Amino acid sequence: MRSFGYTRPDSAQAAVAAFAAAGEGARYIAGGTTLYDLMKLDIERPAHLIDVTAIRGLDAIETGGDRLRFGALAPMSEVATNRTVLRDYPVLAESLAKAASQQLRNMATVGGNLFQRTRCLYFRNGAGGTSAGTTYPCNKREPGSGCAAIGGLDRGQAVLGQSASCTAVSPGDWPIALVALDAYVEILGAAGTRSLPVAELYRLPGNTPHLEFTLAPDEIVTAIVVPKTRAGRRSAYHKIRDRESYAFALASAAVALDMDNDTVRQARIALGGVATRPWRATAAEAALAGQRLTPDTAAAAGRAALTGAVPGRHNGFKIDLAQRTVADALLIAAKRTTA
Ligand SMILES: Cc1cc2nc3c(=O)[nH]c(=O)nc-3n(C[C@H](O)[C@H](O)[C@H](O)COP(=O)(O)OP(=O)(O)OC[C@H]3O[C@@H](n4cnc5c(N)ncnc54)[C@H](O)[C@@H]3O)c2cc1C
């Protein structure tokens, strides 16, 4: 057990000030459902935790006006069951409802969900050594140590966005839906406030896979904002996994359709479970624009979505699976009423 400091400020400004006072090694913590987990595995070793759960007003859910705004501390379960979200943005509700378990969704926040780390077996299992006493190399956990997943048991690894240093999948479901809807985050740090598209929070691994997010260490996400779109009601999050609940995606697709009868004006498509960061499928979106949505055009969009995919040893099935997941998600979303 490693000791660590603990502070529980009651405002976002006080949290940023606490971070500056605590110095290097400080980390924010919200629901704790992933950070405490990684601390127990000895993968994360923060010297000081700044617990943001006492910050007043940071859990507000606002659905009026021209955007949805979710305070970073809103529990996943509350956003997933919000009536406006369920009716007008099923892709958002489903991405949350199909994640983790009910107990976890009650604890976990929509802000913390953005920054969970990969479930790559070698990243998680290597740190404390295996029962056989082996510690697996992992460039994400231990920069420069190598990647045991490449050429190893790579069934769950990425087929898009991987590098010679890392093939780990970005695990979250919620960020996939947010990226499809062009959501952005509001951020507070020592340098002031700024906003950033959710898509730009995530780095490709390249040769620095330990650098996963673009947020500065002292910055805190205060809210997630989704611009309203008429594609929202015809949207869906389709998640394929090894079991129907309490499992991460093997492949998933977040889609939203703006349609004129059965013709697609605009499609929004993002992929999860197959890429090293939330993956916007722009080629698939372009393939559908102006087309009638049929099983054939949906399948063609699925193929376009996986453009550039490269399989490893055991995960080639993910390419076909993701293509079908996109096609099915499009057909599910198209059937949803806009009334
Ligand atoms: C068994 C299990 C199964 C799971 N299955 C799924 C699944 O199927 N799909 C899925 O998407 N997720 C899944 N999860 C992950 C779960 O959704 C996350 O653990 C949860 O969303 C994290 O939220 P939290 O508030 O608990 O974050 P914390 O653990 O408190 O923090 C996570 C990270 O976010 C940072 N952070 C937290 N809040 C902020 C903020 N406001 N600003 C900046 N940084 C912040 C922290 O510093 C930390 O690095 C699963 C988790 C478990 C344990």
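Scroll up to find the structure this text is about.
This section reports on the structure supplied with the text. (Residues numbered from 1 in each chain as written. Predicted model: local features only at pLDDT ≥ 70, side-chain atom pairs only at ≥ 80, totals over all residues. Heavy atoms only, no water.)

1. As for the overall build of the chain
Short version of the rule: Helix and strand definitions follow DSSP, with helices as H or I runs of at least four residues and strands as E runs of at least two, each counted in order from the N terminus. Here the globule rule is a power law, 2.2 Å times the number of residues to the power 0.38, and the radius of gyration is based on C-alpha atoms. Throughout this description, buried means an accessible area under 20% of the type-specific maximum (1.4 Å probe, protein chains only), exposed means over 50%, and partly exposed covers the range between. Residues count as neighbours in contact if any of their non-hydrogen atoms are within 4.5 Å of one another. All accessibility values rest on the Shrake-Rupley procedure with a 1.4 Å probe; residue burial counts only the protein chains present in the view.
Within the chain, the regular secondary structure consists of twelve helices and twelve strands. Expected size for 339 residues packed as a compact globule is a radius of gyration near 20 Å; at 20 Å, the chain falls within 12% of this value. Along the longest, intermediate and shortest principal axes, the C-alpha atoms of the chain span 60 × 50 × 35 Å. The 339 residues of the chain split such that 52% are buried. The contacts in the chain between residues at least 6 apart in sequence include a share of 65% that link residues at least 24 apart. Of the roughly 14,900 Å² that the chain leaves accessible, carbon and sulfur atoms contribute 51%.

2. With respect to the pattern of salt bridges
Counted only if it meets this: Each reported salt bridge corresponds to a side-chain nitrogen of Lys or Arg within 4 Å of a carboxyl oxygen of Asp or Glu.
According to the stated counting rule, one finds 25 salt bridges in the structure shown. The shortest N-O distance in the salt bridge between Glu62 and Arg67 comes to 3.8 Å. Take Arg67: its relative accessible area is 26%, and that puts it in the partly exposed class. Residues joined by salt bridges that share partners form a network here, namely Arg27, Glu44, Arg117, Lys140 and Glu212.

3. Considering the site of the ligand
Heads up, the rule is: Proximity is defined per residue: any heavy atom of the residue falling within 4 Å of a molecule or strand makes that residue near it. Polar contact is the term for a pair of N or O atoms within 3.5 Å; when the atoms are in protein, one must be able to donate a hydrogen and the other to accept it, and sequence-neighboring residues count only if both atoms are side-chain atoms.
Surrounding the ligand, one finds 28 residues, the nearest of these being Arg27, Tyr28, Thr33, Thr109 and Asp173. At a separation of 2.6 Å, an oxygen atom of the ligand approaches a polar side-chain atom of Arg27. Between an oxygen atom of the ligand and a main-chain N or O atom of Thr34, the distance comes to 3.0 Å. Relative to its unbound accessible area of 980 Å², the ligand is 93% covered by the protein chains.

4. Quick look at the environment of Gly156
Position of Gly156 among the secondary structure elements: in the loop between helix 8 (121-125) and helix 9 (174-180). The class for Gly156 is partly exposed, based on a relative accessible area of 39%. Separated by 48 residues in sequence, Gly156 and Ala108 place their C-alpha atoms 24 Å apart. Every residue in contact with Gly156, bar those within four places of it in the chain, is listed here: Val169 and Lys318.

5. Details of a nonpolar patch on the surface
Rule in force here: Patches here are clusters of residues that have more than 30% relative accessible area and form no salt bridge, with a 9 Å joining cutoff for like charges and a 5 Å cutoff for nonpolar side chains (Val, Leu, Ile, Met, Phe, Trp, Tyr).
Among the surface-exposed residues, Phe4, Tyr6 and Tyr36 lie close enough to one another that they form a single nonpolar patch of about 280 Å² accessible area. Looking at the element boundaries, Phe4 is found in the segment before strand 1 (5-7).

6. As for the layout of surface pockets
This is how the line gets drawn: Any residue with an atom within 4 Å of a point lines the site, the site being either a cavity, points on a 1 Å grid over the protein atoms alone where a 1.4 Å probe fits but cannot get out, or a pocket, an open set with protein on both sides within 12 Å along at least 5 of 7 lines. Grid points are joined across faces, edges and corners, and a volume is the space filled by probe spheres set on the points. Following the grouping adopted for this structure description, the nonpolar residues are Ala, Val, Leu, Ile, Met, Phe, Trp, Tyr, Cys and Pro, the charged ones are Asp, Glu, Lys and Arg, and the polar ones are all others, Gly among them.
If you add up the space inside the second largest pocket, you get close to 430 Å³. In this structure, the second largest pocket is lined by 20 residues; those nearest its centre are Arg119, Gly156, Phe248, Ala249 and Leu250. Split by residue class, the lining of the second largest pocket holds ten nonpolar, five polar and five charged.

7. Observations regarding the nonpolar core
Rule in force here: Definition used in this section: a nonpolar core is a set of buried Ala, Val, Leu, Ile, Met, Phe, Trp, Tyr and Cys residues joined via side-chain atoms within 4.5 Å.
Of all hydrophobic cores here, the largest spans 40 residues; its most connected members are Phe70, Leu92, Val110, Trp174, Leu178 and Val185. Taken together, the elements giving at least two residues each to this core come down to strand 5 (67-71), helix 3 (76-80), helix 5 (90-97), helix 9, strand 6 (184-189), strand 8 (220-227) and strand 10 (251-260). Leu178 has contacts with Leu92, Leu114, Ala183, Val198, Ile224 and Val226, leaving out every residue within four places of it along the chain. Ala251, Ala253, Val255 and Ala298 belong to the second largest nonpolar core, which has 31 residues in total.

8. A closer look at the packing of aromatic side chains
Selection criterion: Stacked, tilted and edge-to-face pairs are distinguished by plane angle, under 30 degrees for stacked and over 60 for edge-to-face with tilted covering the rest, among Phe, Tyr and Trp rings (Trp via its six-membered ring) whose centres lie within 6.5 Å.
The final tally for this structure, using the stated rule, is five aromatic pairs. For the pair Tyr122 and Tyr136, a centre-to-centre distance of 5.0 Å together with 85 degrees between the ring planes defines the contact as edge-to-face. In this pair, Tyr122 is assigned in helix 8 and Tyr136 in the loop between helix 8 and helix 9, connecting sequence segments 14 residues apart. Note on Tyr122: relative accessible area 10%, which makes it buried. Centre to centre, the rings of Tyr202 and Phe213 are 5.9 Å apart; their planes meet at 65 degrees, and the pair counts as edge-to-face.

9. Some details on the sheet that holds strand 11 (residues 263-272)
How we decide: Should DSSP find at least two bridges between two strands, the strands are taken to pair. Fitted lines through C-alpha atoms serve as axes, helices being fitted only where they are in contact, and the angles separating the N-to-C directions of these axes extend from 0 to 180 degrees.
The four strands are arranged 9-10-11-12 in an open sheet whose pairing can be described as antiparallel. The sheet is open, and its two borders are formed by strand 9 (235-240) and strand 12 (279-280), each paired with just one other strand. Examined bridge by bridge, strand 9 and strand 10 share six bridges and lie antiparallel to one another. Bridge pairing in strand 10 links Ser235 to Ala256. Seen against the sheet, helix 12 (residues 317-334) touches strand 9, strand 10 and strand 11 and runs at an angle of roughly 35 degrees to strand 10.

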